[in-house]
Amino acid sequence: MTDLAREEPIGELELVHSFTGPMPTGVSVSHTGRVFVNFPQWGDDPPATVVELRDGKEVPFPDEAWNSPSGKDDAGSFVSVQSIVVDPADRLWVLDTGSPLFEPTVPGGPKLVRVDLDTDSVAQVIAFDPSVALETTYLNDVRFDLRRGEAGVAYITDSSDQGPNGIIVVDLATGEAWRRLHDHPSTKALQPPDLRMVVEGREFLERDEDGGTSPVTMGADGIAISSDGARLFYCPLASRRWYSVATEALADRSVSDDDVAATVVDEGDKGSAGDGMETDDAGRLYVTDGEHDAIHRRLPDGSWETVLHDDRLLWPDTMSVAADGNLYVTANQLYRQAKYQGGEDLRRKPYALFRTPIDAGPVRLR
């Protein structure tokens, strides 16, 4: 048999953990190397929506009670978690969508929860007002700057595919939160014919069992903060463009919405649709490439390079830069879900958590 040429991989891809149950989305690594992962309630019925990886096992975190909600309005338990992030003070924040199966939210469900890792106990719960977390809101990812105000601020993307998108700003001292860039064009998904996403050689669309199709419409999704904290980067999932906005304007409630919008910069074409963004302390910005099984990064001089390209990296989702000098990333085959495949689930377990060395550490604004 003739040995024909094949695509060559780029970078060093190390398997950290394989998942034989529900599909993961978020990953974050503590300053001491503890690894946390979450599983949203998207139909896989995960036994826990947040876990810690301990000795190869997925252990409910901080405990089973916090992973056993009484309903969508349970402010004392996790309902459906999309993202978990270790902040610059080595505390784990859990971003609860309150939206299992993308259902409308109700008060008590959408929230930001702080777990102190020295005690593994919940220390703060910020439940969002319905004027901030709308019925259509889907809280997607979060970044922190602990230098602002009394206790710092958090920035959250609303990636809703059913309503307005935007950025939510949270005062961590008071729990007060407000929306910015509400339904701003930069937060919105692009529609055909302006965007044609292709994954594994097939157009990435929602497909029903009768053969009907509709575009993927998830908006502001990926989020990252610059190493100096001056700019917040974000991107809609259904777009190849990405943007930044001045954090000074976002966090100052006296600044008008129009003046906030005036600080938005179109950062250009990042080469692919995808929903993951991250930064490191060397000033580099990372983006996932869901169309080409890859991760790229932009260097401080504006040039781009590919960090990873590997056919095992099937829909790289969330990234986390760790103190051990590695970039961690989940790969969850998102586009193979039944809603994109005419009702047939084409995902093939296990899903994966990978890492690759990057010779840099996380951004810690404190």
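Summarised in this report is the structure supplied together with it. It should be emphasised that the depicted structure is a prediction, and the values quoted were computed from it without experimental measurement. (Residues numbered from 1 in each chain as written. Predicted model: local features only at pLDDT ≥ 70, side-chain atom pairs only at ≥ 80, totals over all residues. Heavy atoms only, no water.)

## Looking at the packing of aromatic side chains
The description of an aromatic ring pair rests on the distance of the ring centres and on the angle between the ring planes.
Link 1 in the chain: In this structure the tally under the stated criterion is 12 aromatic pairs.
Link 2 in the chain: Judged by centre distance (5.9 Å) and plane angle (25°), the rings of Tyr234 and Tyr243 are stacked. Each member of the pair, Tyr234 as well as Tyr243, is classed as buried.
Link 3 in the chain: Put simply, the rings of Phe204, Trp315, Tyr335 and Tyr340 touch in pairs and so form one group of aromatic residues.
Link 4 in the chain: When the ring centre of Phe102 is taken as origin, the NZ or CZ atom of Lys339, which lies over that ring, is 5.1 Å away. (Phe/Tyr/Trp six-rings, centres within 6.5 Å; stacked < 30°, edge-to-face > 60°. Buried < 20%, exposed > 50% of the residue type's maximum accessible area, 1.4 Å probe, protein only. Lys NZ or Arg CZ within 6 Å of the ring centre and 35° of its normal.)

## A short note on the sheet that holds strand β28 (residues 351-357)
Link 1 in the chain: Pairing is antiparallel in the open sheet, where 4 strands are placed in the order β1-β28-β27-β26. The sheet is open, and its two borders are formed by β1 (14-19) and β26 (316-321), each paired with just one other strand. Averaged over all pairs of adjacent strands, the angle between their axes in this sheet comes to 20°, without regard to strand direction. (Pairing = 2+ DSSP bridges. Helix = DSSP H or I, 4+ residues; strand = E, 2+ residues; numbered from the N terminus. Axes fitted to C-alpha atoms, helices over the stretch in contact; angles between N-to-C directions.)

## So, empty space enclosed by the protein
Link 1 in the chain: Counted under the stated rule, the structure contains 4 cavities of 30 Å³ or more.
Link 2 in the chain: Estimated volume of the largest cavity: approximately 330 Å³.
Link 3 in the chain: In this structure, the largest cavity is lined by 26 residues; those nearest its centre are Val85, Val86, Glu278, Pro362 and Val363.
Link 4 in the chain: Listed by contribution, the elements that provide at least two residues to the lining of the largest cavity are β2 (27-29), β6 (81-86), β10 (139-145), β22 (277-279) and β26. (1 Å grid on protein atoms, 1.4 Å probe; cavity = no way out; pocket = protein on both sides within 12 Å on 5 of 7 lines; lining within 4 Å. Points joined across faces, edges and corners; volume = space filled by probe spheres on them.)

## Comments concerning unusual backbone geometry
Link 1 in the chain: Residue Pro193 follows Pro192 across a cis peptide bond; omega there is 5°.
Link 2 in the chain: Structurally, Pro193 can be placed in the loop between β13 (177-180) and β14 (198-199).
Link 3 in the chain: The amide bond that connects Lys349 to the next residue, Pro350, takes the cis arrangement and shows omega of 10°.
Link 4 in the chain: Tracing the backbone through its elements, the reader meets Pro350 in the loop between β27 (326-331) and β28.
Link 5 in the chain: Look at Leu101: it is not a glycine, yet its phi comes out positive at around 55°.
Link 6 in the chain: Relative to the helices and strands, Leu101 is located in the loop between β7 (91-96) and β8 (111-116).
Link 7 in the chain: With a phi close to 55°, Asp359 is a non-glycine residue in the positive phi region.
Link 8 in the chain: Its relative accessible area of 76% is what places Asp359 among the exposed residues.

## Focus on the side chain of Ser77
Link 1 in the chain: Mapped onto the fold, Ser77 is located in the loop between β5 (57-60) and β6.
Link 2 in the chain: Of the residues examined, Ser77 reaches a relative accessible area of 5% and is grouped as buried.
Link 3 in the chain: With near-sequence residues (within four places) excluded, Ser77 lies in contact with Ala65, Trp66, Ser68, Pro69, Asp96 and Lys111. (Contact = heavy atoms within 4.5 Å.)

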